[in-house]
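Fold and contact review
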Amino acid sequence: MTSAPTGQTHLGRLCRGSEIRNVLRGGRHFGGPAGVLKVKPGATPVSRLCVVASRRVGGAVVRNKVRRRIREIARREIHPEAEPADMVFRANHRAATMDFESIYEAFTRQLRKAKLLDRPRKQQWTGEG
RNA sequence: AGAGUGGGCCGGGCGGUCGCGGCGCCGCUGGCGUCGAGGAAAGUCCGGACUCCAUAGGGCGAGGUGCCGGGCAGCGCCCGGUCGGGGCGACCCGAAGGACAGCGCAUAGAGACGACACCGCCUCCUGCGGGGGGUGAGGAUGGAAGGGUGCGGUAAGAGCGCACCGGUCGGCUGGCAACAGCCGGCGUCUCAGCAAACCCCACCUGGAGCAAGGCCACAUAGGGGGACGAUGCGGCGGCCCGCCGCGUCCCCGGGUAGGCCGCUCGAGUCCCCGGGCAACCGGGGGCCCAGAUAGAUGACCGCCACCUCCUCGGAGGCACAGAAUCCGGCUUACAGGCCCACUCUCUCG
RNA sequence: GCGGCCGUGGCCAAACGGAUUAAGGCUCCUGACUACGGAUCAGGCGAUUGGGGGUUCGAAUCCCUCCGGCCGCG
């Protein structure tokens, strides 16, 4: 398992095994072609993300690439003023062969469902960017 | 021109926007500068450095290595050579000590190493069914049959005798040596293979591993030193002798993934000169070249290379693969490309 | 970072230097029995012994190397 450091302004790291298990067990489930996203209301003022890429995904190079792409998308698309959340993304083996555009579309759809692209209690903000 | 052998190297380049880690600086909720994966970072198959523990010594055992010389901190690695095998050749391959220390080698076969005769051959006897003796040349068995080839010899044969080729012993010459060449002796004794089967011989090996190990903060309460010792238990590399600890008394002050150190400057790398056939070594000068701690390199765009496709202007692709204490090797994976030396065949001059 | 075990027909597996078609069971196929099926009986198909290389007369077995899977310790 790996957890990615992310943009420190509004996206932190979720590293501890107990917290990760907590999110996986009790979080809301958002499926997608590249993997599963689990979200729970944040325990800290900033949102935190953990990307899980097991050996089923591929070798070290592939797993690093998937993890970095997910983290990059989250960094750019999650709104700084959204409700802080603890997230765990578990990548599957299909993520290894997908190009960046496909992963981008799939993951942003999951984030939109989780209402993380929006500013809370304000106007709808289109997440295209 | 075609086919091939050996060695070395590269592993897309330049620029821009956003983002990440280390270090340095500044006017420090940030900014600026700078550096930021590989030849294999991999497998973890060997060897070390480093750290802690153990070190009275000895015996048994276990594992590894195995032609010679050199290189190296060391190695099971590398270089050079010897011998054997393969290739027309350049070259390539080889765990390459010992089989009179022992033991074993299925089936077949008389016999697989001090034993022996199934067929055959020769000879003698005969009551013509066969029997006695000689032989190991021929056949048969087998992966392999107690040196090989030829001539002589003989009843038939056989190192029975001779010559040559091995083999072995001794000497001489060359070589540091493995070994090679030459000379002589030996067939009464001694002549096969397998030791990546056990085994013998020689040499090597203390145990763990950076989660080593150390420092700091905090809580339940544990450790260190000295003295005494029967059994039991545990530890010391597996076992034994042996040694140490657990037990009692006295004295003194502290162990765990939270943080910090170890943590990256090193048997380093590049250039030049010198020594050496070479591996490599010596000297001089230049350079600083990742240090994360759930683990930093990503995304997008433009131009130029390279490859493929076609509607000739575009589209797609661009290997294997990601540092975790650090080095030296080995092994394995790898799109495409470059350079050097050499060999064979054909053609032309 | 250390250390160990395993890989044999579709499945479970035996043989650990010795010939042979690499046992045996389940499954599957064919036949018998039955009105049909099951059970039973008889016969049969099915193997690069994880891949490659080496040692040997001979390798599933010994050695080297790679691949895959499982487990243990810190």
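Our subject in this report is the structure included herewith. (Residues numbered from 1 in each chain as written. Chains lettered and ligands numbered in written order. Predicted model: local features only at pLDDT ≥ 70, side-chain atom pairs only at ≥ 80, totals over all residues. Heavy atoms only, no water.)

1. Quick look at the overall build of chain A
What chain A contains, in helices and strands, is three helices and five strands. Ordered by position in the sequence, the α and β elements of chain A form the string β-α-β-β-β-α-β-α. Burial analysis of chain A (129 residues in total) assigns 43% to the buried set. The long-range fraction of contacts in chain A, counting pairs at least 24 apart against all pairs at least 6 apart in sequence, stands at 77%. As presented, chain A carries roughly 7,400 Å² of accessible surface, and 49% of it is formed by carbon and sulfur atoms. (Helix = DSSP H or I, 4+ residues; strand = E, 2+ residues; numbered from the N terminus. Buried < 20%, exposed > 50% of the residue type's maximum accessible area, 1.4 Å probe, protein only. Contact = heavy atoms within 4.5 Å. Areas by Shrake-Rupley, 256 points an atom, 1.4 Å probe, with all protein chains shown as cover.)

2. A word on helix α3 (residues 100-113)
Three- or four-residue spacings in an α-helix give side chains the same orientation, since the helix completes a turn every 3.6 residues. Helix length check: α3 (14 residues) gives 20 Å between terminal C-alpha atoms against 20 Å at 1.5 Å per residue, within 8%. Taken as a whole, α3 has its buried residues at Ile103, Tyr104, Ala106, Phe107, Thr108, Gln110 and Leu111. Packing partners of the buried residues in α3 comprise β2 (28-30), β3 (35-41), α2 (60-77) and β5 (85-91). Phi for Lys115, located one or two positions after α3, is positive at around 60°. (Expected span 1.5 Å × (residues − 1).)

3. Description of the packing of aromatic side chains
Two aromatic rings, taken as a pair, are described by how far apart their centres are and by the angle between their planes. Enumeration over the complete set of coordinates arrives at two aromatic pairs. A centroid spacing of 5.1 Å and a plane angle of 70° characterise the contact between Phe89 and Phe107, whose relative ring orientation is edge-to-face. Of this pair, Phe89 sits in strand β5 while Phe107 sits in helix α3, and the two are 18 residues apart along the sequence. Among the residues examined, Phe89 registers a relative accessible area of 0% and is labelled buried. Taken together, a centroid distance of 6.2 Å and an interplanar angle of 40° make the contact between Phe100 and Tyr104 tilted. Of the two residues, Phe100 and Tyr104 both sit in helix α3, four residues apart, roughly one turn of that helix. A residue is classified by how much of its surface remains accessible, and Phe100, at 28% relative accessible area, is partly exposed. You can call Tyr104 buried: its relative accessible area is 16%. (Phe/Tyr/Trp six-rings, centres within 6.5 Å; stacked < 30°, edge-to-face > 60°.)

4. Examining the packing of α2 against α3
At their nearest, the axes of α2 and α3 sit 10 Å apart, and the two run at 55° to each other. In this view, α2 runs oblique relative to α3, as classed from their interaxial angle. Our pair here, α2 against α3, has a crossing hand that is right-handed. Across the interface between the two elements, Arg69, Ile70, Ile73, Ala74, Arg76 and Glu77 of α2 pack against Phe100, Ile103, Tyr104, Phe107 and Thr108 of α3. Of the residues contributing to the contact of α2 with α3, the split by class is seven nonpolar, one polar and three charged. (Axes fitted to C-alpha atoms, helices over the stretch in contact; angles between N-to-C directions. Parallel < 35°, antiparallel > 145°, perpendicular 65-115°, else oblique. Left-handed = near helix turned anticlockwise from the far one by under 90°. Nonpolar A, V, L, I, M, F, W, Y, C, P; charged D, E, K, R; others polar.)

5. Examining the environment of Gly31
The topology assignment puts Gly31 in the loop between β2 and β3. Its relative accessible area of 40% is what places Gly31 among the partly exposed residues. Taking the C-alpha atoms as reference points, Gly31 and Ala95, 64 residues apart in sequence, are found 13 Å from one another.

6. Overview of the pattern of salt bridges
The final tally for this structure, using the stated rule, is four salt bridges. Asp86 is paired through a salt bridge with Arg48; the nearest N and O atoms lie 3.1 Å apart. Here Arg48 lies in strand β4 (residues 47-52) and Asp86 lies in strand β5, a separation of 38 residues in the sequence. Arg75 is paired through a salt bridge with Glu72; the nearest N and O atoms lie 3.0 Å apart. Of this pair, Arg75 and Glu72 are both found in helix α2, three residues apart, which corresponds to roughly one turn of the helix. According to the relative accessible area criterion, Arg75 is partly exposed, its value standing at 34%. Accessibility expressed as a relative area gives 24% for Glu72, which makes it partly exposed. (Salt bridge = Lys/Arg side-chain N within 4 Å of Asp/Glu carboxyl O.)

Interpretation in functional terms is not warranted from these geometric data alone.
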